Amino acid sequence: MLSLRLPIPSESVLASVMQRPPRFLNARNQTHLFCSPTLSEPKALQSSTPQATAADVVTREEEEELNDGTTPPEEELPEGLRRELMPKHVAVIMDGNGRWARQRGLPPGAGHRAGVESLKALVELCWRWEIRVLTVFAFSYDNWIRPKVEVEFLMSLFENVIQSELDKFAREGIRISVIGDWSRLPESLQALIRDAEEKTRKHSRLQLIVAVSYSGKYDVVQACKSIANKVKDGIVQVDDIDEGLIEQELETNCTEFPYPDLLIRTSGELRVSNFLLWQLAYTELFFAPDLWPDFGKDEFVEALVSFQERQRRYGGRK
Amino acid sequence: MEKIGGGRTSELFGGFVTFLRKCLFKVISVGPIPNHIAFIMDGNRRYAKKKNSATVTGHRAGYSSLMSLLTYCYELGVTYVTVYAFSIDNFRRSPDEVKYLMDLMLEKIEGLLKQGNIINQYGIKVHFIGNLKLLSEPVRLAAEKAMKATANNKKAVLLVCVAYTSYDEIVHAVQDSCKSKRKEIQMLPGSLVRRGASEGFREHEKINDLAIHDIQESCKDRLHGSEARHLLEGSFENSSADVATKTPNGLIEEVEGCEMQRKVPSIELADVEEHMYMAVAPDPDILIRSSGETRLSNFLLWQTTTCPLYSPAALWPELGLWHLVWAVLNFQRSYRYLETKRKKMRED
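Not measured: the values here are computed from a predicted model.

Asks: Explain the overall build of chain A to me, and be specific about the residues and the numbers.
Replies: Looking only at helices and strands, chain A features ten helices and six strands. For chain A, the proportion of its 318 residues judged to be buried stands at 59%. Long-range pairs, those at least 24 residues apart, make up 77% of the contacts in chain A with a sequence separation of at least 6. Within the structure as shown, chain A displays about 13300 Å² of accessible surface, and the carbon and sulfur contribution to it stands at 51%.

Laid out in structure tokens, this is it:
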């Protein structure tokens, strides 16, 4: 074997890789570099974290003013789950409504309505088990090609659900955020979303991020567009473009925990389908065979148990 | 005499196994064959532990596994194979392990070019994908030499990701696009830049300015696939004013004077994609990660948005022919559905 002289020892390489200290002590640094099974972020770092540019990010100073909703006593988790290993951010691709309806000889609308009930149940579970962020892929940018009737149905379903659930969100301290290309949504839905986001902006018990007309690539592209504009305006130099800057510009900058710990996709399909591209770099993926309307508490517990058994190394060694 | 006989027997047996394998591949080839398969080679160390051996044994076994799988892929007719050999995150491992891996990489890269190797046998062009500046100089030089030596091979392609993460790839692509557009703008006649600025880019008066424009145009072809172009064109049916108000996030304020806009270079999504390290290959059709871990670990995030992901429990040195066959059969099963969907998008 040839003897190898490494001009760059690994520590220096690591230093050079990390030479630009992250502009923001972001969620990735907090949860990924420290490989902690507890997934807890150092509290001291949080208070000095510079805030993202989006107005919606909650600062620690505002916490006392926040409405964290009714706080029931700490709930006993189902058997097999450990509280310290619960994910902070769960993402879900809610796939299978159409197939569920077809299997029962029902129109697609029935499948979507059943899907909404599943979603409500999941939101309730996340709220009870103190998961901080739940992101759901409600409508992909690619879904616009579906039949017009189905798309219109879905848009009106979104409106109805937001209207009917807004009071509950207020009571329970749930914050709603919507990511995606809003410009294609009906005006009435856009107004409703804006209103709902504003009304729940200070809630902190659980953040529900709904991806509508969203695609992961679109998110990265619009982040790059923002960065290019900053380069144009002289705010940022080209050489300063780094991972932290891109993360800051992604639509998920509306939350303290932009990177999902666990992604669940239902219906047995084994792909990500353009959901959260950048944010899924280190996310544990769980592919559930059940169709979305059939995905309930037991199935969610199964996904969480699988998640808690995994060893997350982020490229290093345990 | 017996030894010679024994050697001959095993040679014959090996030949028979190869013949059977090729027959199997012929049968599978009745259905669609993936053009590009990507592998995350995970589990070498756990394999060594399982065998009560040193870590180095695991990595060497992993290399053998890689050579076997490459043989199977290229025999099957797969054109592109990408492997995740070393992540930027892996530099965080112990210095001893990193040094060992760099040594192993150097040894194997030099071995690639030796006669009789699979590279020559299948006419494989090799690309080393990643931030090669992070590698030690001997490894980087060996990689560049291997790329140069195989540059004229045309039958198949092997992409080895070293010192790679998707984050690094995307950041690098954005930076390079910005720099490249800036050079283009600097080379333009001043009058053209000024005219373009006044008619379409009133904000962008400095020569070094960059402008992202027409994300809509680039989005049509790249973001959502060329199939989505028809969708987007259909939805913006009226005047350019309508187009301006409906574009994502209100990116484009004016479409008027777009002819002049097009002459002033601006960053488009296509430019970012062009500067990706992986621009030398189409997107993978299948991603296989060994050892049962179901995560992407910052590998090909951009390129695998619609790609089926398989995570067999077998550790990398244990991954073999049947895992590959199973993955290809699953690919064939979902291929029809995906093709129907793509066809529908094109028709719409």
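Asks: An account of the overall build of chain B is needed here, citing residue identities and associated values.
Replies: Scanning chain B from N- to C-terminus turns up 14 helices and six strands. Each of the 348 residues in chain B was classed as buried or not, and the buried ones make up 56%. Within chain B, contacts between residues at least 6 apart in sequence are counted, and of these 78% link residues at least 24 apart. Working note: accessible area of chain B is about 16400 Å², and carbon and sulfur atoms make up 52% of it.

Asks: Which residues make up the sheet that holds strand β2 (residues 133–140) of chain A, and what are the values?
Replies: Residues and elements named next belong to chain A. Within the open sheet, the six strands sit side by side as β3-β4-β2-β1-β5-β6. Their pairing is parallel. Looking at which strands have only one partner, the edges of the open sheet turn out to be β3 (174–179) and β6 (284–287). Averaged over neighbouring strand pairs, the angle between their axes works out to 20° when direction is ignored. Sitting on the sheet, helix α6 (residues 148–172) is in contact with β2, β3 and β4 (206–214), with an inclination near 165° to β2.

Asks: Describe the packing of aromatic side chains, and please don't skip the residues or the numbers.
Replies: All told, the structure shown has 17 aromatic pairs over all chains when counted by the stated rule. Ring plane angle 15° and centroid distance 4.2 Å describe the contact between A:Phe137 and A:Phe275, whose orientation is recorded as stacked. Linking A:Phe137 in strand β2 with A:Phe275 in the loop between β5 (262–265) and β6, this pair joins segments that are 138 residues apart in sequence. As far as the burial class goes, A:Phe137 and A:Phe275 line up, both buried. Consider the rings of A:Trp278 and B:Tyr167, whose centres lie 3.9 Å apart with planes at 10°: the pair is stacked. Taken together, the positions of A:Trp278 in the loop between β5 and β6 and B:Tyr167 in helix α7 (residues 166–187) put the pair across two chains. With a relative accessible area of 0%, A:Trp278 lands in the buried category. Chaining the aromatic ring pairs together yields one cluster made of A:Trp129, A:Trp292, A:Phe295 and A:Phe300.

Asks: Any chance you could break down the packing of helix α5 (residues 108–128) of chain A against α6(A) for me, citing the residues and the numbers?
Replies: All names here are of chain A. Between α5 and α6, whose axes approach to 11 Å, the crossing angle comes to 25°. Of the possible angle classes, the one that applies to α5 and α6 is roughly parallel. The element α5 and its partner α6 pack so that their crossing is right-handed. Here α5 contributes Pro 108, Gly 109, His 112, Arg 113, Val 116, Lys 120, Glu 124 and Trp 127 to the contact with α6, which in turn contributes Glu 150, Phe 153, Leu 154, Leu 157, Val 161, Glu 165, Lys 168 and Glu 172.

Asks: Which residues make up unusual backbone geometry, and what are the values?
Replies: Even without being glycine, A:Glu130 reaches a positive phi, approximately 60°. Relative to the helices and strands, A:Glu130 resides in the loop between α5 and β2. Classification of A:Glu130 by relative accessible area gives partly exposed; the value is 37%. Look at B:Asn298: it is not a glycine, yet its phi comes out positive at around 65°.

Asks: Give me the nonpolar core: which residues, what numbers.
Replies: Where a protein is soluble and globular, its nonpolar side chains tend to be buried together. Of all hydrophobic cores here, the largest spans 64 residues; its most connected members are A:Ile241, A:Phe275, A:Trp278, B:Ile170 and B:Phe299. Sequence-distant contacts of B:Ile170, that is, excluding residues within four places in its chain, are made with A:Val220, A:Ile246, A:Leu277, A:Trp278, B:Met276 and B:Trp302. Counting residues in hydrophobic clusters, the runner-up holds 59 residues, among them B:Leu70, B:Ile119, B:Leu132 and B:Val160.

Asks: Tell me about the pattern of salt bridges, and name the residues and values.
Replies: Summed over all chains, the structure comprises 32 salt bridges over all chains. Across the pair A:Arg146 and A:Glu150 runs a salt bridge, and its minimum N-O distance is 3.2 Å. On the basis of relative accessibility, which here comes to 32%, the residue A:Arg146 falls in the partly exposed class. Residue classification places A:Glu150 among the buried positions, given a relative accessible area of 16%. As a salt-bridge pair, B:Arg93 and B:Glu97 come within 3.1 Å of each other at their nearest N and O atoms. Taking the relative accessible area as the measure of exposure, B:Arg93 reaches 15% and is therefore buried.

Thresholds applied
- Residues numbered from 1 in each chain as written.
- Chains lettered and ligands numbered in written order.
- Predicted model: local features only at pLDDT ≥ 70, side-chain atom pairs only at ≥ 80, totals over all residues.
- Heavy atoms only, no water.
- Helix = DSSP H or I, 4+ residues; strand = E, 2+ residues; numbered from the N terminus.
- Buried < 20%, exposed > 50% of the residue type's maximum accessible area, 1.4 Å probe, protein only.
- Contact = heavy atoms within 4.5 Å.
- Areas by Shrake-Rupley, 256 points an atom, 1.4 Å probe, with all protein chains shown as cover.
- Pairing = 2+ DSSP bridges.
- Axes fitted to C-alpha atoms, helices over the stretch in contact; angles between N-to-C directions.
- Phe/Tyr/Trp six-rings, centres within 6.5 Å; stacked < 30°, edge-to-face > 60°.
- Parallel < 35°, antiparallel > 145°, perpendicular 65-115°, else oblique.
- Left-handed = near helix turned anticlockwise from the far one by under 90°.
- Core = buried A, V, L, I, M, F, W, Y, C linked by side-chain atoms within 4.5 Å.
- Salt bridge = Lys/Arg side-chain N within 4 Å of Asp/Glu carboxyl O.

Keep in mind that these numbers describe shape and distance, not what the molecule does.
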